[in-house]
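Residues per chain, in single letters:
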2 protein chains.
Amino acid sequence: MTKSAQFDLLDYQIILELRKDARKSASEIARALKANERTVRNRIDRLVESGAVRLTSILDPHAFGYVNTVDIFLEVDSDQEQSAIEQLLKMHEVSYLAYGLGTQDISIEARFKDNAEMRQFLGKVLPSIPGVRVKGYALVPRILRNIDEWLPKPEDFEG
Amino acid sequence: MTKSAQFDLLDYQIILELRKDARKSASEIARALKANERTVRNRIDRLVESGAVRLTSILDPHAFGYVNTVDIFLEVDSDQEQSAIEQLLKMHEVSYLAYGLGTQDISIEARFKDNAEMRQFLGKVLPSIPGVRVKGYALVPRILRNIDEWLPKPEDFEG
DNA sequence: GCTGAAAATTATGCATT
DNA sequence: AATGCATAATTTTCAGC
């Protein structure tokens, strides 16, 4: 589980540095923030081990030829929800999947190399999953803010 | 711009390693993949400099008290689209924003610390933006796959 | 674009406060 | 939890293939 640990402004600044470059050395960060090297290392470890921060690689779909992105709202019959979710998660095109407990809503994002594949997915693949209806979708050529760019407010860091 | 560079299976394996830990040393990765240290460093540099891969920090909203996430579909009058998008991007609650060129669709995700804030956002804040209508939304207590977890197919890497 | 070897930098382990 | 220090590991620089 992810607990609500308490982080301070040094943590916040470290997060900002790591956001620019997750491989930036602890000593470089320490210099930039005028903090102790050893402390910065300890903080990074704590941030990662607490689960509050993940240091990872994010791929640009365009660089790999995935030029079409679509956000889709689905409605699913409750009794077929589990199997529908399982099927959706098997599809590598699905880059995001979230569902509302106690509701029939599933929200997904999917990525494709061309329009034909995307149309096939919307028109054939999704409707063929038992209990699933496409409630709406939006083609999203431009993502202006991505989930990985999200930050809490500075005020969420005590100090 | 992000060009479609060509990457091979070594790049793919390096990406998989960096996904687990963006700070994993190049020598450790080289050992794991039985590749040359220097080569691994060159590849990492190339992946990052080409824009295909970003090495960054991703925060867990829960760890900072943001327990409510909602995916929202909006419809916007074309002539007010630009100003609506600008206003939405100013809101720190909005963790994702994408819009379809030539359509009226805007797709967003937003995060909140409690239900009241979220309801306020859905019921008051969004409708108060000129030209914006909430077309639908889904509360998403469970995100099963996140965008940062997305990977191209191994076949997308030549070799 | 891949690899090698020495120099510089960084990380780790252990200790103290 | 923060820090100092010695040692180990890694990265960088400059080079040749």
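Per an unreviewed UniProt entry, chain A goes by HTH asnC-type domain-containing protein and derives from Bellilinea caldifistulae.

Enquirer: Could you clarify how one ought to interpret the protein's contact with DNA strand D in this entry?
Expert: Taken together, 14 residues sit near DNA strand D, with A:Asn36, A:Thr39, A:Asn42, A:Arg43 and B:Arg41 positioned nearest. Take the atoms of DNA strand D that sit within 4 Å of the protein: sugar and phosphate atoms are 70% of them. In this structure, B:Ser27 approaches DNA strand D through a side-chain N or O atom, which is 3.1 Å from a phosphate oxygen. Here a phosphate oxygen of DNA strand D sits 3.2 Å away from a polar atom, N or O, in the side chain of B:Arg31.

Enquirer: Explain the pattern of salt bridges here, please?
Expert: All names here are of chain B. For the coordinates displayed, the defined rule picks out 26 salt bridges over all chains. For Asp 11, the salt bridge is made with Arg 46, and the minimal N-O distance between the two is 3.8 Å. Separated by 35 residues along the polypeptide, Asp 11 in helix α1 (residues 9-20) and Arg 46 in helix α3 (residues 37-49) bring together distant segments of the chain. Using a relative accessible area of 38% as the deciding quantity, one classes Arg 46 as partly exposed. Of the charged contacts, one joins Asp 77 and Arg 133 as a salt bridge, the two residues approaching to 3.2 Å between their closest N and O atoms. Taken as a pair, Asp 77 in the loop between β2 (68-76) and α4 (81-90) and Arg 133 in strand β5 (residues 132-139) lie far apart in primary sequence, 56 residues in all. Among the residues examined, Asp 77 registers a relative accessible area of 24% and is labelled partly exposed.

Enquirer: Which parts of the structure should I look at to understand the nonpolar core?
Expert: Here is a general trend for soluble globular proteins: nonpolar side chains tend to be buried in one another's company. Judged by nonpolar contacts, the single largest core of 48 residues is most densely connected at A:Ile14, A:Phe64, B:Ile14 and B:Phe64. Contributions of two or more residues to this core are made by α1 (9-20), α2 (26-33), α3 (37-49) and β1 (53-59) of chain A together with α1, α2 (26-33), α3 and β1 (53-59) of chain B. When near neighbours in sequence (up to four residues on either side) are disregarded, A:Ile14 contacts A:Ile29, A:Leu33, A:Val40, A:Arg43, A:Ile44 and A:Leu47.

Analysis parameters
Residues numbered from 1 in each chain as written. Chains lettered and ligands numbered in written order. Predicted model: local features only at pLDDT ≥ 70, side-chain atom pairs only at ≥ 80, totals over all residues. Heavy atoms only, no water. Near = heavy atom within 4 Å. Polar contact = N/O pair within 3.5 Å; in protein donor to acceptor, adjacent residues only side chain to side chain. Salt bridge = Lys/Arg side-chain N within 4 Å of Asp/Glu carboxyl O. Helix = DSSP H or I, 4+ residues; strand = E, 2+ residues; numbered from the N terminus. Buried < 20%, exposed > 50% of the residue type's maximum accessible area, 1.4 Å probe, protein only. Core = buried A, V, L, I, M, F, W, Y, C linked by side-chain atoms within 4.5 Å. Contact = heavy atoms within 4.5 Å.

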